[in-house]
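Structural overview
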Amino acid sequence: MSSSLPASAARPKLLLTGAIMEGVVERQLAERFTVLGPDGLDAVIAAEAGEIRGLATKGKLKVDGALMDRLPKLEIISNFGVGYDTVDAAAAAQRGIIVTNTPDVLNEEVADLALGLLLATVREIPQADRFVRAGGWIKGPFPLGATLRDRKVGIVGMGRIGKAIAKRIEAFGLPIAYHTRRPQPDVAFTHYPDLIALARDVDTLVLILPGGAATRNLVNAEVLEALGPRGILINVARGTVVDEPALLKALQDRTILAAGLDVFVDEPRVPEAFFALDNVVLLPHVGSATHHTRNAMGQLVVDNLVSWFAGKGPVTPVGETPWPKG
Ligand code: NAP
Ligand code: 8YV
């Protein structure tokens, strides 16, 4: 891998693994690069493998070591999204390939959504809306329900977005504690190295940490049991962080009170058993889904590639592939 640009490579070849954002990403990339894919991806890779120097990707398709090995000239993988659990960043690092993501520009948006989902779940806002539409109010009042007032919130993940969520929860006047592997030096909340101990001491868990092998099923039956019958689980992280069948059972058996889920294990397929439950609010992974924020994320995907191929290094490299190299 080399960061120097030969004069003949004025338009480096880029592989697009799927649609990202036509207006913001694809159009700008097409102005500067020879964009290959996403149609006929396999055939394109077979024909152009030795020429592809950049890759832009979003979500679904796994960018693993096997794919990287098919692209011997690959220098950079630019991921649309701050979470890059579909990109094997360790494999990229071993091969000297830079990985970039889209941090910070979505912090406030995702935090807003997390609080919206928390309120919707505790106060049953979608259920109340359905009640009015179905003519239920004519027959009698909507039943009294749970409150945010006496809750203690545990945040799992206290990074960029976790801190933006904490700021909002503080404004609601609720005590906060958190679980991460290492305590955060710049927050005053109580740190729990043990997630089960945190779940036992709070009644509301908000998940905002990366997906991938290291966090798979972190929130399992034991954690849900510790959270208890008043417990509310909000997941705006990744579906894989939660043992989905265990959560389903806890909601069905009412061993926790309710859940608000923006993310699922096999998106966009949501297990149908959730649809029958009135104690869960389901969203289609919309944490960052506004024009404003998706535009900013798309621009960062482009900026990383443009900066790299101008010889200026990546703008937002991930931790596994630091720049300048450590
Ligand atoms: P970040 O700044 O890197 O923060 C990640 C936090 O998670 C850190 O506090 C980290 O602390 C903690 N963490 C990492 N691995 C952990 C583990 N194994 N156990 C416990 N804690 C762990 O990331 P961010 O920008 O806040 O984004 C967080 C995640 O939110 C993303 O990776 C993505 O999955 C998700 N997300 C979802 C949406 C959506 O639309 N729903 C939108 C944006 C992001 P330690 O390293 O000390 O453990
Ligand atoms: C995106 C996200 O919707 O940034 C993330 O990690 O989960 C969301 O902002 C997603 O990455 C796009 O596929």
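Below: a short report on this structure. Sequence order as written defines the numbering, with residues in each chain counted from 1. Chains carry letters from A onward and ligands carry numbers from 1 onward, assigned in written order. This being a predicted model, a pLDDT of at least 70 is required before a residue's local features are given, and a value of 80 or more before pairs of side-chain atoms are given or counted; all residues contribute to the totals for chains, interfaces and linings. Note that water and hydrogens are dropped before the side-chain values are worked out from all heavy atoms of the structure.

**A closer look at the pairing of strand S11 (residues 258-261)**
Stated formally: Burial status follows relative accessibility: with a 1.4 Å probe on protein chains alone, a residue under 20% of its type maximum counts as buried, one over 50% as exposed, and anything between as partly exposed. Labels follow the DSSP assignment, with helices taken as runs of H or I lasting at least four residues and strands as runs of E lasting at least two, numbered in each case from the N terminus. Strand pairing is assigned whenever DSSP detects at least two bridges linking the two strands. The crossover handedness rule: strands pointing away from the viewer, path from first strand over the helix to second strand clockwise, crossover right-handed.
Alternating residues of S11 divide into Ala258 and Gly260 and Ala259 and Leu261, and every residue in both groups is buried. Where strand S10 (residues 232-235) and S11 come together, 4 bridges link them in parallel fashion. When the sheet's bridge partners are listed, Ile234 is paired in S11 with Gly260. The parallel pair S10 and S11, bridged by helix H11 (residues 244-252), forms a crossover whose chirality is right-handed.

**Structural notes on empty space enclosed by the protein**
What counts, and what does not: The definitions used throughout rest on a 1 Å grid laid over the protein atoms alone, on which a cavity is an enclosed set of points accommodating a 1.4 Å probe that cannot get out and a pocket is an open set flanked by protein within 12 Å on both sides along at least five of seven lines; lining residues are those having an atom within 4 Å of a point. Grid points are joined across faces, edges and corners, and a volume is the space filled by probe spheres set on the points. Throughout, the ten residues Ala, Val, Leu, Ile, Met, Phe, Trp, Tyr, Cys and Pro are labelled nonpolar, Asp, Glu, Lys and Arg are labelled charged, and all others, Gly among them, are labelled polar.
According to the stated counting rule, one finds 1 cavity of 30 Å³ or more in the structure shown. Put simply, the largest cavity is a space of about 40 Å³. Considering only residue class, the lining of the largest cavity consists of 6 nonpolar, 2 polar and 1 charged.

**Points about the site of ligand 1**
Defined as follows: Residues are classed as near a molecule or strand on a simple rule: at least one heavy atom within 4 Å of it. N or O atoms within 3.5 Å of each other form a polar contact, as long as, within protein, one can give a hydrogen and the other can take it, and as long as residues adjacent in sequence are counted only when both atoms are side-chain atoms. Calculation of accessible area relied on Shrake-Rupley with a 1.4 Å probe; when residues are assessed, cover is drawn exclusively from the protein chains displayed.
Of all residues adjacent to ligand 1, which total 26 residues, the nearest are Arg160, Ile161, Arg181, Arg182 and Asp262. In this structure, Arg182 approaches ligand 1 through a side-chain N or O atom, which is 2.7 Å from an oxygen atom. The separation between an oxygen atom of ligand 1 and a polar side-chain atom of His285 is 3.2 Å. When ligand 1 sits alone it has 920 Å² of accessible area, and the protein chains cover 89% of it. Classifying every residue of the shell around ligand 1 gives 12 nonpolar, 9 polar and 5 charged.

**Here's the deal with the packing of aromatic side chains**
Inclusion rule: Centres within 6.5 Å are what make two rings of Phe, Tyr or Trp a pair, Trp counting through its six-membered ring; a difference in plane orientation under 30 degrees is then read as stacked, over 60 as edge-to-face, and the rest as tilted.
Under the counting rule described, the total for this entry stands at 4 aromatic pairs. On the numbers, 5.1 Å between centres and 70 degrees between planes, the contact of Phe131 with Phe142 is edge-to-face. One end of the pair, Phe131, is in helix H6 (residues 125-133); the other, Phe142, is in the loop between helix H7 (136-139) and strand S6 (153-156), and 11 residues separate them in sequence.

**Brief notes about the nonpolar core**
The condition is simple: The nonpolar core is taken to be a set of buried Ala, Val, Leu, Ile, Met, Phe, Trp, Tyr and Cys residues, with the residues joined through side-chain atoms within 4.5 Å. The domain limits used here are those given by an automatic or database domain assignment. Residue contacts are counted whenever heavy atoms from the two residues lie within 4.5 Å of one another.
Core analysis: the biggest nonpolar cluster contains 49 residues, and Val25, Leu29, Ile155, Ile165, Ile169 and Leu305 have the highest contact counts within it. Element by element, the count of residues in this core is highest for helix H5 (residues 107-122), at 8 residues. No fewer than three residues from each of domain 1 (13-105 + 291-309) and domain 2 (107-282) sit in this core. Not counting the four nearest positions on each side in its chain, Leu305 is found in contact with Leu14, Leu29, Phe33, Leu55, Ala56, Ile76 and Ser78. Counting 33 residues, the second largest nonpolar core, distinct from the first, contains Leu207, Val219, Leu248 and Val280.

**Looking at the sheet that holds S10**
So the rule is basically this: Throughout, an axis means a line fitted to C-alpha atoms (over the contacting stretch in the case of helices), and angles, computed between N-to-C directions, take values from 0 to 180 degrees.
With parallel pairing, the 7 strands of this open sheet are ordered in space as S8-S7-S6-S9-S10-S11-S12. In the strand order of this sheet, the two ends are held by strand S8 (190-191) and strand S12 (280-282), each with one partner. Across 4 bridges, the pairing between S6 and strand S7 (residues 176-179) is parallel. From the neighbouring strand, Val153 faces S7, where its bridge partner is Ile176. Contacting S6, S7 and strand S9 (204-207), helix H8 (residues 160-171) crosses the sheet at an angle of about 170 degrees to S6. Most of the contacts of H11 go to S11, to which it runs at about 140 degrees, and overall it touches S10, S11 and S12.

**As for unusual backbone geometry**
Excluding glycine, a negative phi dihedral is what most residues carry, and trans is how most peptide bonds are arranged. Cis geometry marks the peptide bond from Glu267 to Pro268; its omega dihedral reads 5 degrees. One can find Pro268 in the loop between S11 and S12. Even without being a glycine, Asp104 presents a positive backbone phi close to 70 degrees. Among the structural elements, Asp104 can be located in the loop between strand S5 (98-100) and H5. Of note, the phi angle at His285 is positive, near 50 degrees, even though the residue is not glycine. For His285, the position within the fold is in the loop between S12 and helix H12 (291-309). Judged by its relative accessible area of 30%, His285 falls in the partly exposed class.

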